[in-house]
Amino acid sequence: MSSVRRVVLTGLSGAGKQLACLCFEDMGWRVVENVPPSLIAPLLLSIPDESLCLLSDIRSGQVEALLPALDALPERPTFVFLDASDDALVRRFKETRRPHPLFKQAQGILPAITAERDALASLKARADVVLDTSGLSSAELRGQLTEHFGEKGQSASPLTVTVASFGFKHGTPLDADILFDVRFLNNPYYVEELRGKDGRDPEVEAFVMADERSAEFLEKLYDLVGFTLPHYIAEGKAYLTIGIGCTGGKHRSVALAEKLGKFLSERGYRVLVQHRDVEKR
């Protein structure tokens, strides 16, 4: 199967198309929104080497031209339609306070939903993939899209976790969401042969882990992040930075940041491990 793939996305307003676009972006696709049907063919030709998702819906004002535009293509992209129940759509518009595109002419939310559903009925009937998002959480919708369109082994999680070691003497990281202070552990700085090394060195790591409190701390830390990260994902958080600090940011925090990064990577999270102060004196 070619790594370059094509999707044209449409569906009802409020059914999750914006979230779907974000999911395709997280999977590494190029996404173009609000595409008039007349521009679908030129866009597909102008971007030949990237997986491409084009969103075309009622806002283009040309939705009746979408099927003829797709049928005219020499190679038809996968056509995806997002649907949802009237109850779910009404609730979502009330929660977001965003107006339905047809609200003014239909003079009400439910009449607007009905009008749009009628206008898109032929598109839904021709779709290759129809996803009903009525009872889906954001994470569940991402999971379904990843199952259909993600690479083998690709995680549905949109969350990128940065684990950053630092030294309190140099200030706390401005972008940290969560901070942990490990200055209570035995400090390798006071061992002359370890002072010039950092927490990635096996000898320094062994020294840090020889403190029986280190293993207990990591056990509790793993439990905490294992519990909280799925809830951050459910809330739609895309980036999370966990700061682990010691005095200088060279020994204890580095060793434990490496441990936490490995723990998260093994559980399928996208992880960046950074050591801000490891080169500072």
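Here goes a summary of the coordinates provided. Given the structure is predicted, the values throughout are model-derived calculations rather than measurements. (Residues numbered from 1 in each chain as written. Predicted model: local features only at pLDDT ≥ 70, side-chain atom pairs only at ≥ 80, totals over all residues. Heavy atoms only, no water.)

### So, the packing of helix α4 (residues 86-96) against helix α6 (residues 109-126)
Between two packed helices, what matters for the description is the angle formed by their axes and the separation of those axes.
Next up, step 1: It is the contact of α4 with α6, at a shortest axis distance of 10 Å, that shows an interaxial angle of 125°. Considering their axes alone, α4 and α6 lie oblique with respect to each other. Between α4 and α6 the crossing geometry is right-handed. Counting all contacts with α4, which are made through Asp 86, Leu 89, Val 90, Phe 93 and Lys 94, the residues of α6 involved are Ile 109, Leu 110, Ile 113 and Arg 117.
Next up, step 2: Taken together, the residues of the contact of α4 with α6 break down into six nonpolar, no polar and three charged. (Axes fitted to C-alpha atoms, helices over the stretch in contact; angles between N-to-C directions. Helix = DSSP H or I, 4+ residues; strand = E, 2+ residues; numbered from the N terminus. Parallel < 35°, antiparallel > 145°, perpendicular 65-115°, else oblique. Left-handed = near helix turned anticlockwise from the far one by under 90°. Contact = heavy atoms within 4.5 Å. Nonpolar A, V, L, I, M, F, W, Y, C, P; charged D, E, K, R; others polar.)

### Points about the packing of aromatic side chains
Next up, step 1: The final tally for this structure, using the stated rule, is eight aromatic pairs.
Next up, step 2: Ring pairs connect the aromatic residues Phe 24, Trp 29 and Phe 149, which therefore count as one cluster.
Next up, step 3: Over the ring of Phe 168 we find Arg 183; its NZ or CZ atom is 3.8 Å from the centre of that ring.
Next up, step 4: Sitting over the face of the ring of Tyr 189, Arg 195 holds its NZ or CZ atom 4.6 Å from the ring centroid. (Phe/Tyr/Trp six-rings, centres within 6.5 Å; stacked < 30°, edge-to-face > 60°. Lys NZ or Arg CZ within 6 Å of the ring centre and 35° of its normal.)

### Re the packing of helix α9 (residues 202-210) against helix α11 (residues 252-266)
Next up, step 1: Following both chains from N to C, one finds α9 and α11 inclined at 90°, their axes separated by 9 Å at the closest point. It follows that α9 is roughly perpendicular to α11 by the angle criterion. From α9, Glu 205, Val 208 and Met 209 reach across to α11, where they touch Arg 252, Ala 255, Leu 256 and Lys 259.

### Some points on unusual backbone geometry
Next up, step 1: The backbone of Asn 34 sits at a positive phi, close to 55°, despite the residue not being glycine.
Next up, step 2: With respect to the secondary-structure elements, Asn 34 resides in the loop between β2 (30-32) and α2 (40-46).
Next up, step 3: On the basis of relative accessible area, Asn 34 is assigned to the partly exposed category, the value being 43%.
Next up, step 4: Phi at Gln 107 is positive, roughly 60°, even though this residue is not glycine.
Next up, step 5: Inspection of the secondary structure puts Gln 107 in the loop between α5 (103-106) and α6. (Buried < 20%, exposed > 50% of the residue type's maximum accessible area, 1.4 Å probe, protein only.)

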